[in-house]
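Chains, contacts and geometry: an overview
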Amino acid sequence: MKIGAPKETVEGENRVAMTPASALQLQKLGHECVIESGAGKAARYSDQDYKDAGVEVVKTAAALWKAADVVVKVRPLKNATEEKRVRKGQTVISFFYPAQNPEQLERMKDAGANYIAMDMVPRISRAQKMDALSSMANIAGYRAVIEAGNSFGRFFTGQVTAAGKVPPAKVLIVGAGVAGLAAIGAATSLGAQVYAFDVRPEVAEQIESMGAEFVYLEFSDEVQDGAATGGYAAPSSPEFREAQLAKFRELAPDMDIVITTALIPGRDAPKLWLKDMVEAMKPGSVVVDLAAERGGNCDLTVANEKIETKNGVTIIGYTDFPSRMATQASELYSSNIRHMISDLTPGKDGQIVHNMEDDVIRGATITYDGEITFPPPPPKVQAIAAKKPAAPEKTPEEIAAQEAALLRKAGRRQIAALVLGGLFMALVGVYAPPAFMQHFIVFVLAVFVGFQVIWGVAHALHTPLMAVTNAISGIIIVGALLQIGSNSGLVVALAAVSILVASINIVGGFMVTRRMLQMFQKS
């Protein structure tokens, strides 16, 4: 089948849904690729780049829609002209936001399109490679820091120079989803002192592992659960919201840069950074609102504009952060599209199989075979596993009784093992010569003692313990050296092999130990 990518018609949209690299991968699936002339120009892909990749370049969008069996786009269909080009049975893949566009959804049903919305890809493990929302959010979070730095009048990192001391910039990230974590990574890499807040306390470990400080909120509300189905944050209770706003008011005077990322698909952005908080910020501070397209998290955000308040605070409300990094965004988005088409082409034979039993394909499909299929049923595999009920706490008496029972059981096992071992030794002693028995008894005792020593060590310490005890292989080398002068060729060969293997063990053991010790040393 032919996969076609038209030029985006939304003003300022620089991304393209097919890159030369993704076209090569699509051709390996048995498809032909076609693109509208100039579609990749804003993303730094020329028509010649596509021709070199074996892609057919057509002059007009009308010609592309007519030729392609599958049309891939970034933005939803903009106007009636684009909608009229959709023909019955044609597969269209793009962002769509069906909950916000019910009228267009009806028109796509009437047109008979099989429409796959990339914003509806379910957030389950198998679908991560197609998760275009996360891909674009990752870029938006990174770009938000770059835009903030462009408007901020000082360094991000702290410095001590002959001219004086420069303190690090203090950056607050509100929301630790994909965009928030990307912003944290970019800001910490630039040397800023980063703080992050999220209604989901379970993300605190992720935030702190990236070098940021999690802003804890002292709030007790049994009904407040920050995690919602699908990996997004849930709406907060009114009491929690008031406590959250109070914390932000406390932080506002100290923050140099605030980046807000709180947004739940299908809903207006919650107001988190209010007018009084902006007024409390220092002149020269910056607010970057990644939720500007849905009304913004900041009271004063103006969509698609950068403004400066009376007290000198810059508020950035751009809605095209991924498009401002068009080359990178196109690479990631086209890769998401390519993975989706790969799932639609199970036979790798260039034939689209729209399997509505597949969780991912069914979840992303909003119209199919003349019917509206939105909203989809919940996936068979949930994005976030349900919380297991907590086990009832045991009393100290019950714990002591359980430990005593385990000790008795272990003792019985040891006694049985000793009895069996003794019987085996007696049986061997009946037939084996005395010289053999002396060495054999020492060997058995060494194995038994070594097993007891190693078994008693916590599993977390096994790697460093074994790295050090491998050095005991030196004993094997001593024994092998004593046998290397034997008259028997077999003994000499075995001794040489023993020396080689033991030497590898010793060297490897010390190397592993050294690496592990370096992990705990400050640079």
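Each value, and the rule that gives it
- Residues numbered from 1 in each chain as written.
- Predicted model: local features only at pLDDT ≥ 70, side-chain atom pairs only at ≥ 80, totals over all residues.
- Heavy atoms only, no water.
- pLDDT = per-residue confidence, 0-100.
- Helix = DSSP H or I, 4+ residues; strand = E, 2+ residues; numbered from the N terminus.
- Polar contact = N/O pair within 3.5 Å; in protein donor to acceptor, adjacent residues only side chain to side chain.
- Contact = heavy atoms within 4.5 Å.
- Salt bridge = Lys/Arg side-chain N within 4 Å of Asp/Glu carboxyl O.
- Buried < 20%, exposed > 50% of the residue type's maximum accessible area, 1.4 Å probe, protein only.
- Pairing = 2+ DSSP bridges.
- Core = buried A, V, L, I, M, F, W, Y, C linked by side-chain atoms within 4.5 Å.
- Patch = residues over 30% accessible without salt bridge, like charges linked within 9 Å, V, L, I, M, F, W, Y side chains within 5 Å.
- Areas by Shrake-Rupley, 256 points an atom, 1.4 Å probe, with all protein chains shown as cover.
- Lys, Arg positive; Asp, Glu negative; His and termini not counted.
- Charge placed at Lys NZ, Arg CZ, Asp CG, Glu CD.
- Axes fitted to C-alpha atoms, helices over the stretch in contact; angles between N-to-C directions.
- Parallel < 35°, antiparallel > 145°, perpendicular 65-115°, else oblique.
- Left-handed = near helix turned anticlockwise from the far one by under 90°.
- Nonpolar A, V, L, I, M, F, W, Y, C, P; charged D, E, K, R; others polar.

All right, on to the confidence of the model for the protein then. Confidence along the protein averages 87 in pLDDT terms, with 87% of residues attaining 70 or more. No element of the protein has a lower mean pLDDT than helix 15 (residues 462-469), at 54, and none a higher one than strand 13 (residues 286-289), at 98.

Tracing the backbone through its elements, the reader meets Arg 75 in the loop between strand 4 (70-72) and helix 4 (80-84). Side-chain polar atoms of Arg 75 contact the side chain of Glu 13, separated by 2.8 Å. With residues near it in sequence (within four places) discarded, Arg 75 still touches Glu 8, Val 10, Glu 13, Arg 15, Ser 94, Phe 95, Glu 293 and Thr 319.

Within the structure shown, the criterion is met by 23 salt bridges. Note that Asp 69 and Arg 87 form a salt bridge whose closest N and O atoms lie 3.9 Å from each other. Of this pair, Asp 69 sits in the loop between helix 3 (61-67) and strand 4 while Arg 87 sits in the loop between helix 4 and strand 5 (91-94); the two residues are 18 residues apart in sequence, bridging distant segments of the chain. Given the relative accessible area of 30%, Asp 69 is considered partly exposed. Relative accessible area serves as the criterion here: at 31%, Arg 87 is assigned to the partly exposed category. For Arg 324, the salt bridge identified is with Asp 320, shortest N-O distance 2.9 Å. Assessed through its relative accessible area of 33%, Arg 324 is described here as partly exposed. Through salt bridges with shared partners, a single network forms among Glu 13, Arg 15, Arg 75 and Glu 293.

Overall, mixed pairing links the seven strands, which are arranged 11-10-9-12-13-15-14 in an open sheet. Among the strands making up the open sheet, the edge pair consists of strand 11 (213-214) and strand 14 (306-308). Two strands pair when backbone bridges link them, and strand 13 and strand 15 (residues 314-316) are joined in this way by three bridges, in the parallel orientation. Opposite Val 288, over in strand 15, you have Ile 316 as the bridge partner.

It is characteristic of soluble globular proteins that their nonpolar side chains tend to be buried jointly. Counting residues in hydrophobic clusters, the biggest one holds 41 residues, and the most contacted among them are Val 72, Ile 93, Met 118, Val 121, Tyr 333, Met 340 and Ile 341. Secondary structure elements with two or more residues in this core: strand 1 (2-5), helix 1 (20-28), strand 2 (32-36), strand 4, helix 6 (132-151), helix 11 (326-344) and helix 12 (359-364). A total of seven residues in this core trace back to one element, the largest contributor, which is helix 11. Ignoring sequence-local partners within four residues, the contact set of Met 340 consists of Ile 93, Ile 116, Met 118, Val 121, Met 130, Val 360 and Ala 364. Judged by nonpolar contacts, the second largest core, of 32 residues, contains Phe 152, Ile 207, Ala 212 and Ile 257.

Turning next to the environment of Val 171. Relative to the elements of secondary structure, Val 171 occurs in strand 9 (residues 170-174). In this structure Val 171 comes out as buried when scored by relative accessible area, which is 1%. For Val 171, the contacting residues outside a window of four places in its chain are Phe 156, Ala 187, Ala 192, Gln 193, Val 194, Tyr 195, Met 255 and Ile 257.

A surface patch of like charges, here positive, comprises Arg 408, Lys 409, Arg 412 and Arg 413. Summarising the element assignment, Arg 408 is placed in helix 13 (residues 396-431).

As for its position among the elements, Val 288 is in strand 13. With a relative accessible area of 0%, Val 288 lands in the buried category. Residues Val 288 and Ala 144, 144 residues apart in the sequence, show an inter-C-alpha distance of 6.4 Å. In contact with Val 288, not counting residues within four places along its chain, are Ala 144, Ala 148, Val 258, Ile 259, Thr 260, Ile 316 and Phe 321.

What follows is about the sheet that holds strand 5. If you trace the eight strands from one edge of the open sheet to the other, you get 3-2-1-4-5-6-16-17, paired in mixed fashion. Looking at strand neighbours, the two that pair on one side only are strand 3 (56-58) and strand 17 (371-372), the edges of this open sheet. Taken together, the four bridges between strand 1 and strand 2 define a ladder with parallel strand orientation. The residue of strand 2 that forms the bridge with Ala 5 is Ile 35. Helix 11 contacts strand 1, strand 4, strand 5 and strand 6 (114-117) of the sheet and is inclined by roughly 145° relative to strand 5.

All right, on to the packing of helix 6 against helix 11 then. It is at 9 Å that the axes of helix 6 and helix 11 come closest, and there the two elements cross at 165°. The angle between the axes of helix 6 and helix 11 places the two elements in the roughly antiparallel class. Along this stretch, helix 6 crosses helix 11, giving a crossing that reads as right-handed. Here Ala 132, Ser 135, Met 136 and Ile 139 of helix 6 come into contact with helix 11, specifically with Gln 328, Ala 329, Leu 332, Tyr 333 and Asn 336. Of the residues assigned to the contact of helix 6 with helix 11, the class counts are six nonpolar, three polar and no charged.

Quick look at unusual backbone geometry now. In most cases, non-glycine residues show a negative phi, while peptide bonds are predominantly trans. With omega at 0°, the peptide bond leading from Phe 374 into Pro 375 counts as cis. Position of Pro 375 relative to the elements: it lies in the loop between strand 17 and helix 13. Positive phi, close to 75°, is recorded for Arg 44, a residue that is not glycine. Within the secondary structure, Arg 44 is located in the loop between strand 2 and helix 2 (47-52). Using a relative accessible area of 64% as the deciding quantity, one classes Arg 44 as exposed. Of note, Tyr 97 is a non-glycine position whose phi angle comes to about 60°, a positive value. With respect to the element layout, Tyr 97 can be found in the loop between strand 5 and helix 5 (102-111). The exposure class of Tyr 97 is partly exposed, given its relative accessible area of 34%.

There is a patch of nonpolar side chains on the surface, built from Ile 415, Val 419, Leu 420 and Leu 423 and spanning about 420 Å² of accessible area. By relative accessible area, Ile 415 is classed as exposed at 57%.

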